[in-house]
Amino acid sequence: MYDQHTDEAPPAAPSAATAPPAHEPFTIDRGSFCIARCSCGWTGPARRSRDRARTDAEEHRSVP
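This text gives an overview of the structure that appears in the document. Note that this is a predicted model, so its numbers are computed, not measured.

### Here we look at the state of the cysteines
Link 1 in the chain: Throughout the structure, instances matching the rule amount to zero disulfides.
Link 2 in the chain: The thiol of Cys 38 is unpaired, and the distance to the nearest cysteine sulfur, on Cys 40, comes to 3.6 Å.
Link 3 in the chain: You can call Cys 40 partly exposed: its relative accessible area is 44%.

Rendered as structure tokens:
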């Protein structure tokens, strides 16, 4: 049987206290459009209104 060495063991999952927040939305300007994006990989639709893109980002932040 194979003995797993300690340096080959998978790392432990980070605790909730040290884990980054699940969603950190931000906006990006692309020419005349503004796009809401998130650190989780979500991308909102391109908007001409920066306020609407910020609203999209805030709505996404409330998603579990």
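So, next bit.
### A look at the side chain of His 60
Link 1 in the chain: Relative to the helices and strands, His 60 resides in helix H1 (residues 50-61).
Link 2 in the chain: Once residues lying within four places of it in the same chain are set aside, the contact partners of His 60 are His 23, Cys 38, Cys 40 and Trp 42.

### Details of the sheet that holds strand E2 (residues 33-37)
Link 1 in the chain: Here we have three strands laid out as an open sheet, ordered E1-E2-E3, and antiparallel in their pairing. Each edge of the open sheet carries a strand with a single partner, namely strand E1 (26-30) and strand E3 (43-47). Taken over all neighbouring pairs, the strand axes of this sheet differ in orientation by 20° on average, direction set aside.
Link 2 in the chain: Here E2 runs beside E3; their pairing, made up of three bridges, is antiparallel. Residue pairing for E3: Arg 37 is matched across the bridge by Thr 43.
Link 3 in the chain: Set on the sheet, H1 makes contact with E1, E2 and E3; between it and E2 the angle comes to about 10°.

Conventions used here
Residues numbered from 1 in each chain as written. Predicted model: local features only at pLDDT ≥ 70, side-chain atom pairs only at ≥ 80, totals over all residues. Heavy atoms only, no water. Disulfide = S-S within 2.5 Å. Buried < 20%, exposed > 50% of the residue type's maximum accessible area, 1.4 Å probe, protein only. Helix = DSSP H or I, 4+ residues; strand = E, 2+ residues; numbered from the N terminus. Contact = heavy atoms within 4.5 Å. Pairing = 2+ DSSP bridges. Axes fitted to C-alpha atoms, helices over the stretch in contact; angles between N-to-C directions.

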